[in-house]
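# Overview (structure and organization)
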Amino acid sequence: MIRTIKENFYMSFKMNLDQVAMCMFGAMMAMTGAASGSNTILALLSILSIVFYLYLIYVMFYDMGQKDGIKINSQRLAYYPYKALWISLFANTLNFLLGILTVLFKAIINGVQMTQNLASLTAEQVSALNPSWAVQAYQICDTLSKAIQFMYVGVLKVFFSGNVFILLVIPLPSVIIATLAYKLGVKYCNGFKKKSKKPEERYKV
C-alpha cells in the first residue's frame, strides 16, 4: 500500500487538483442556484457539478488503467487490482479526516442531535451550547469540509441539511469510481474489440 502510494503520488496530487478546480466550478454553480431562489435548481446544478467531477476522476484512472494494462499484457508490470483504491483513498485523506472530526466534535456538544442543523439556530442559542470549544471546532471543521468539496454543497443543503454523517459518505463516490475505472482501463487496454480466434480455433463450431 505505502509503496503504491509513493510510486503514484502524482496521481493523488492530480486528483486533489481536480477537486480544487471542481470546488471553484461547484461554487459558481451553487451561487447561480442560490440566486435563482429554487432548491430544485440548486440541487440540479450541484448534481451536475458532482457528475462532472466524477467523470474527470473516471477518465483519469481509466487512462491510467489502459497504460498499466499494456504493460501487464506484455508482462512488464504485475497486476495490482487495488492500486487505484489506495491512491484515491490517500487523495481523500483530508476529506475523510475533516468528516470524522466534524462528527466527533458535534457528538461532544451537549443537547444537540447529530442531524440537527446548527445554522437554523440564533446566535444566542449557539452561544448557549457547551462546551464552547467543541462548538467552535465543529463549525470550523464543518465549514472546511464543505469548502473543499463545494460541488456537494447544493445536495447537502437540499437533501441532508444538518446531517453530519453525510460528510463521511461524500468522498466515497470518487474512491469507487477511481477503483472501477482503473480495472476497466486494464481490462480494455486494447479497446473493446473481441480477441480474434487462434487459427486452429477459427473453424471450430
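Anyway, here's the lowdown on the structure attached to this text. The shown structure was predicted, so the numbers you read here are calculated from the model rather than taken from an experiment.

At a minimum axis distance of 6 Å, the contact between helix H3 (residues 39–73) and helix H9 (residues 172–187) shows a crossing angle of 35 degrees. The two elements H3 and H9 cross, and the hand of that crossing is right-handed. Taking contact as the criterion, the partners of Tyr53, Leu54, Ile57, Tyr58, Phe61, Tyr62, Met64, Gly65, Gln66, Asp68, Gly69 and Ile72 in H3 are, on H9, Pro173, Ser174, Ile177, Ala178, Ala181, Tyr182, Leu184, Gly185 and Val186. Of the residues contributing to the contact of H3 with H9, the split by class is 15 nonpolar, five polar and one charged.

The next point concerns the environment of Leu156. Among the structural elements, Leu156 can be located in helix H8 (residues 153–159). Leu156 gets classed as buried once you look at its relative accessible area, which sits at 6%. Taking the C-alpha atoms as reference points, Leu156 and Leu54, 102 residues apart in sequence, are found 17 Å from one another. Sequence-distant contacts of Leu156, that is, excluding residues within four places in its chain, are made with Lys146, Ser161, Ile166, Leu167 and Ile170.

Moving on, we come to helix H2 (residues 9–36). An α-helical turn contains 3.6 residues, so any two residues separated by three or four positions project in the same direction. With 28 residues, H2 extends 41 Å between its outermost C-alpha atoms, agreeing within 8% with the 40 Å of an ideal straight helix rising 1.5 Å per residue. Of the residues making up H2, those classed as buried are Met11, Ser12, Met15, Asp18, Gln19, Met22, Cys23, Gly26, Ala27, Met29, Ala30 and Gly33. Summarising the contacts, the buried residues of H2 are in contact with H3, helix H4 (83–91), helix H5 (93–108), helix H7 (132–147) and H9. Phi turns positive, to about 75 degrees, at Gly37, one or two residues after H2.

A separate point is the packing of H2 against H3. Packed helix pairs are specified by the crossing angle of their axes together with the interaxial distance, meaning the distance between the axes. As a packed pair, H2 and H3 sit with axes 8 Å apart at the nearest point and diverge in direction by 165 degrees. One element, H2, and the other, H3, form an angle in the roughly antiparallel class. Seen along the crossing, H2 lies across H3 with a hand that is right-handed. Looking at the contact of H2 with H3, its residues break down into 17 nonpolar, six polar and two charged.

Calculation notes
Residues numbered from 1 in each chain as written. Predicted model: local features only at pLDDT ≥ 70, side-chain atom pairs only at ≥ 80, totals over all residues. Heavy atoms only, no water. Axes fitted to C-alpha atoms, helices over the stretch in contact; angles between N-to-C directions. Helix = DSSP H or I, 4+ residues; strand = E, 2+ residues; numbered from the N terminus. Left-handed = near helix turned anticlockwise from the far one by under 90°. Contact = heavy atoms within 4.5 Å. Nonpolar A, V, L, I, M, F, W, Y, C, P; charged D, E, K, R; others polar. Buried < 20%, exposed > 50% of the residue type's maximum accessible area, 1.4 Å probe, protein only. Expected span 1.5 Å × (residues − 1). Parallel < 35°, antiparallel > 145°, perpendicular 65-115°, else oblique.

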